[in-house]
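Chain by chain, the residues run as shown.
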Amino acid sequence: MDATNALEALKDALPTSQFALRGTDEYKALNNGTYQSGLNADFNPTCIFQPKSKEEVSTFLTTIKPFVSAGQVAFAIVGSGRQPAPGCSNINDGITLNLSLLKGIDIRDGYVSIAAGERWGAVYEELGKQGLGCAGSRSSNGGPGGLCLTGGLSIFSSRQGFICDDVVNFEVVLASGAIVNANDSENADLWRALRGGGNNFGVVTRFDMRTFKQGPLYGGSLYYFKQSFPGQITALVNELKKPDASDETHLMVSIGYATMFGPDPIALNQVYHIGGVENPPVLEPFTSIEPQMPGMNTLRILSLTDIAKEQAGEMSLPPRSAYMNTHVKADVAMLQAGADIFTSNLDPVKGIEGFVCSYTLQPYPRSLLEASATKGGNSLGLNPDLGPIVSIALLLYWVNPSDDERIISTFRTILEKIEKEAITRGQEIAFKYMNYSYTFQDPIGSYGGENKKRLQEASKKYDPEGVFQKGVPGGWKLFL
Ligand SMILES: Cc1cc2nc3c(=O)[nH]c(=O)nc-3n(C[C@H](O)[C@H](O)[C@H](O)COP(=O)(O)OP(=O)(O)OC[C@H]3O[C@@H](n4cnc5c(N)ncnc54)[C@H](O)[C@@H]3O)c2cc1C
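Residues numbered from 1 in each chain as written. Predicted model: local features only at pLDDT ≥ 70, side-chain atom pairs only at ≥ 80, totals over all residues. Heavy atoms only, no water.

As recorded in an unreviewed UniProt entry, the protein goes by the name FAD-binding domain-containing protein, listed as coming from Hypoxylon rubiginosum.

And the structure:
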């Protein structure tokens, strides 16, 4: 592939000051500074283009399209670069469309419009000034693209459904260069497809989302010792199975290993009450564990902005990361078996420099699936009858590229063992969450045949030449 001709045409059509060319300091700063994971920063595009308006995105697409059709160039799309799957948002020898200069947050009439280059931290700050919130990433550094196009879990998911369910309108630049809106009355099939369909349909330049009144919240993180972890699994499942389970809690329960903490696993709870009730009884089983690791309990009343800053915590994250995930029914024995598989297979990675990993449980309570079902539909293939569900994410962070292979293969084996165990126990759920998927996983296939077919039909209608299939090879494609 030789992007030279495409690049010349793009430079003729668009402001050259917004192109960062390979070899320049600007390029190095952008390529190294954009991505959370070195697995994406490792890619070397020929050039990075940063549009400043939807019209420039349109010109980019119409200009590059003939070169894509001729097989001369491919491109990647990146929002804030927090999704770690290698190649999902960067590309070798192609062109990376970096959306970070598309700015704007507009709050009116109960909705917030978020430009593709914004980050959730800025959105929460603006909403907070008006006593409002919205269902976005838990982390201030994430961008709207990765979350709104994949499903997305927020602090408010138990009440609001998935993040994508609160997107009432996507402003999208299609492969033809047309700038269209997708909502429940205009291009509704595209609207539903984008809710979980990833980067397969166009470049989304703006996300319009519901807002709600939001005061201070209660919550934070606490670390404890591995002996208490089985009790936390029981508490999690008990809460999820209550007929009156709260839709005001957000629970994440993890067991993990970190080279810096020595050979034994440690456990972490991140819990929130969105109603802002201090020490609510519903969180008591998750907050009163003893003994806790001293000095590592951040539970308090705090704002959405503060939660997002705390969750970002990226100053201390090692530079390379990868995620893998699966889902199971809320079953104590299954979740414990998964934890045992995780903790007993860590020997190959113990002691790796800067290594941190976790087996993280995030519930999808029935209330989440019920809320999701009332908001116009999405592509994910989940419904309330499947609930409650628990997402099992393997979250991996490390320092050196030379450790990539050992880490990925160890955790792929662990994931496969957990999935096999779930099938043996009859507790498996097919769904894979795109944001937490590694490249060997198939989130689109996991949505089910009907949903995949609908996504393929939307692709044929809105991108008949398959520009976002052939021309944007990163991420998960529709026709595999
Ligand atoms: C500290 C931390 C906290 C996190 N918290 C959460 C959380 O609370 N909830 C959760 O669900 N996940 C969470 N994640 C995981 C999740 O992977 C990222 O938050 C999310 O993907 C970030 O989106 P992004 O905009 O950075 O996407 P990017 O990494 O930029 O892109 C992801 C994918 O979306 C595509 N894409 C992005 N923008 C657009 C667009 N405008 N148009 C078309 N395609 C686009 C890209 O091509 C790429 O394939 C977290 C990750 C970290 C590191």
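Q: A description of the overall build of the protein should follow, citing residues and the corresponding values.
A: Along its length, the protein carries 17 helices and 20 strands. A compact globule built from 480 residues would reach a C-alpha radius of gyration of about 23 Å, and the protein, at 22 Å, matches this within 12%. Along the longest, intermediate and shortest principal axes, the C-alpha atoms of the protein span 65 × 50 × 40 Å. Taking all 480 residues of the protein together, the buried fraction comes to 61%. Accessible surface computed for the protein: about 17900 Å², of which carbon and sulfur atoms make up 51%. Separation between the mean location of the 41 positive side-chain charges and that of the 50 negative ones in the protein comes to 2 Å. (Helix = DSSP H or I, 4+ residues; strand = E, 2+ residues; numbered from the N terminus. Rg over C-alpha atoms; globule rule 2.2 N^0.38 Å. Buried < 20%, exposed > 50% of the residue type's maximum accessible area, 1.4 Å probe, protein only. Areas by Shrake-Rupley, 256 points an atom, 1.4 Å probe, with all protein chains shown as cover. Lys, Arg positive; Asp, Glu negative; His and termini not counted. Charge placed at Lys NZ, Arg CZ, Asp CG, Glu CD.)

Q: Can you explain the domain arrangement of the protein? Please cite residues and give values.
A: Parsing the protein into structural domains produces domain 1 (4–101), domain 2 (105–213 + 448–464) and domain 3 (217–444). Inter-centroid distance (C-alpha atoms) of domain 1 to domain 2 is 22 Å. With 15 residues of domain 1 in contact, the opposing surface of domain 2 contributes 18 residues. Summed over both partners, the interface of domain 1 with domain 2 comes to about 1300 Å²; 65% of that surface belongs to carbon and sulfur atoms. Of all residues in domain 1, the largest losses of buried area upon contact with domain 2 belong to Lys54, Leu61 and Ser80, amounting jointly to 33% of the total for that side. Across the contact surface, domain 1 and domain 2 share one salt bridge. Counting across the interface, domain 1 meets domain 2 through four residue pairs in polar contact (both at pLDDT 80 or more). Ranked by residue count, the leading element in the side of domain 1 that touches domain 2 is helix 4 (residues 54–69), at seven residues. Per-class residue counts for the side of domain 1 that touches domain 2 are six nonpolar, five polar and four charged. (Domains from an automatic or database assignment. Contact = heavy atoms within 4.5 Å. Buried area = accessible area lost by both parts, 1.4 Å probe. Salt bridge = Lys/Arg side-chain N within 4 Å of Asp/Glu carboxyl O. Polar contact = N/O pair within 3.5 Å; in protein donor to acceptor, adjacent residues only side chain to side chain. Nonpolar A, V, L, I, M, F, W, Y, C, P; charged D, E, K, R; others polar.)

Q: Can you break down the packing of helix 9 (residues 229–241) against helix 12 (residues 332–344) residue by residue, with the values?
A: To describe two helices that pack against each other, one gives the angle between their axes and the distance between the axes. With their axes 9 Å apart at the nearest point, helix 9 and helix 12 run at an angle of 145 degrees to one another. Regarding helix 9 and helix 12, the two cross each other, and that crossing is right-handed. Across the interface between the two elements, Phe229, Pro230, Ile233, Thr234 and Val237 from helix 9 touch Val332, Leu335, Gln336 and Ala339 from helix 12. Residue composition of the contact of helix 9 with helix 12, grouped by class: seven nonpolar, two polar and no charged. (Axes fitted to C-alpha atoms, helices over the stretch in contact; angles between N-to-C directions. Left-handed = near helix turned anticlockwise from the far one by under 90°.)

Q: How would you sum up unusual backbone geometry? Please name residues and give values.
A: Among all residues except glycine, the phi angle is most often negative; among peptide bonds, the trans geometry is most common. With an omega of -5 degrees, the peptide bond between Glu290 and Pro291 qualifies as cis. One can find Pro291 in the loop between helix 10 (284–287) and strand 15 (292–297). In this structure, the amide linkage connecting Gly387 to the following residue, Pro388, adopts the cis form with an omega of -5 degrees. Relative to the helices and strands, Pro388 is located in the loop between helix 13 (366–373) and strand 19 (389–398).

Q: Describe in detail the pairing of strand 14 (residues 266–273), supporting the description with residues and values.
A: With respect to burial, strand 14 is a largely interior element, eight of its eight residues being buried. Of the two faces of strand 14, both are covered, the one formed by Ile266, Leu268, Gln270 and Tyr272 as well as the one formed by Ala267, Asn269, Val271 and His273. In this structure, strand 12 (residues 217–225) lies alongside strand 14, joined through eight bridges in antiparallel fashion. Within strand 14, the position partnered with Leu222 by the bridge is Asn269. As paired strands, strand 13 (residues 249–258) and strand 14 are joined by eight bridges and run antiparallel to one another. (Pairing = 2+ DSSP bridges.)

Q: Tell me what's going on with the layout of surface pockets, and back it up with residues and numbers.
A: When its volume is computed, the second largest pocket comes out at roughly 210 Å³. Around the second largest pocket, the lining residues are Asp189, Arg192, Ala193, Gly377, Asn378, Ser379, Asn451, Arg454, Leu455, Glu457 and Ala458. Those elements that place two or more of their residues in the lining of the second largest pocket are helix 8 (188–197) and helix 16 (449–462). Counting contributing residues, the lining of the second largest pocket receives three or more from each of domain 2 (105–213 + 448–464) and domain 3 (217–444). (1 Å grid on protein atoms, 1.4 Å probe; cavity = no way out; pocket = protein on both sides within 12 Å on 5 of 7 lines; lining within 4 Å. Points joined across faces, edges and corners; volume = space filled by probe spheres on them.)

Q: Outline the sheet that holds strand 6 (residues 111–115), supporting the account with residue identities and numerical values.
A: Here we have five strands laid out as an open sheet, ordered 5-6-10-8-9, and antiparallel in their pairing. The open sheet is flanked by strand 5 (105–108) and strand 9 (179–183), the only strands paired with a single partner. Taking the axes of each pair of neighbouring strands and ignoring which way they run, one obtains an average angle of 15 degrees across the sheet. The pairing of strand 6 with strand 10 (residues 203–210) spans five bridges and is classified as antiparallel. Residue pairing for strand 10: Ile114 is matched across the bridge by Phe207.

Q: Summarise the pattern of salt bridges; cite the residues concerned and give the values.
A: Using the criterion set out here, one finds 21 salt bridges in the structure. With a shortest N-O distance of 3.5 Å, Glu171 and Lys54 are connected by a salt bridge. Taken together, the positions of Glu171 in strand 8 (residues 167–173) and Lys54 in helix 4 put the pair 117 residues apart, joining distant regions of the chain. As a salt-bridge pair, Asp264 and Lys226 come within 3.7 Å of each other at their nearest N and O atoms. Of this pair, Asp264 sits in the loop between strand 13 and strand 14 while Lys226 sits in the loop between strand 12 and helix 9, placing them 38 residues apart in sequence. Through salt bridges with shared partners, a single ionic network connects Lys54, Glu171, Arg206 and Asp208.

Q: Break down helix 14 (residues 404–424) for me, citing the residues and quoting the values.
A: One turn of an α-helix holds 3.6 residues; hence residues three or four places apart share an orientation. The end-to-end C-alpha separation of helix 14 is 30 Å, in line with the 30 Å expected for 21 residues at 1.5 Å each. Along helix 14, the residues that are buried comprise Asp404, Ile407, Ile408, Thr410, Phe411, Ile414, Leu415, Ile418 and Ala422. The buried residues of helix 14 occupy an angular sector of 165 degrees when the element is viewed end-on, so they sit on one face. Away from the buried face of helix 14 by more than 90 degrees, exposed residues Glu405, Lys420, Ile423 and Thr424 are located. Just beyond helix 14, the residue with positive phi is Gly426, at close to 70 degrees. (Expected span 1.5 Å × (residues − 1). Arc of directions from axis to C-beta.)

Q: Tell me about empty space enclosed by the protein, and please be specific about residues and values.
A: The tally for this structure, following the rule as stated, stands at one cavity of 30 Å³ or more. In this structure, the largest cavity encloses a volume near 120 Å³. Forming the walls of the largest cavity are 14 residues, and the residues nearest its centre are Ser158, Leu240, Thr249, Pro363 and Pro365. For the lining of the largest cavity, the secondary-structure elements that each account for two or more residues are helix 7 (157–160), helix 9, strand 13 and strand 18 (356–364). When residues of the lining of the largest cavity are assigned to their parent elements, the largest contribution, three residues, is made by strand 13. By residue class, the composition of the lining of the largest cavity is seven nonpolar, six polar and one charged. The residues that make up the lining of the largest cavity include at least three from each of domain 2 (105–213 + 448–464) and domain 3 (217–444).

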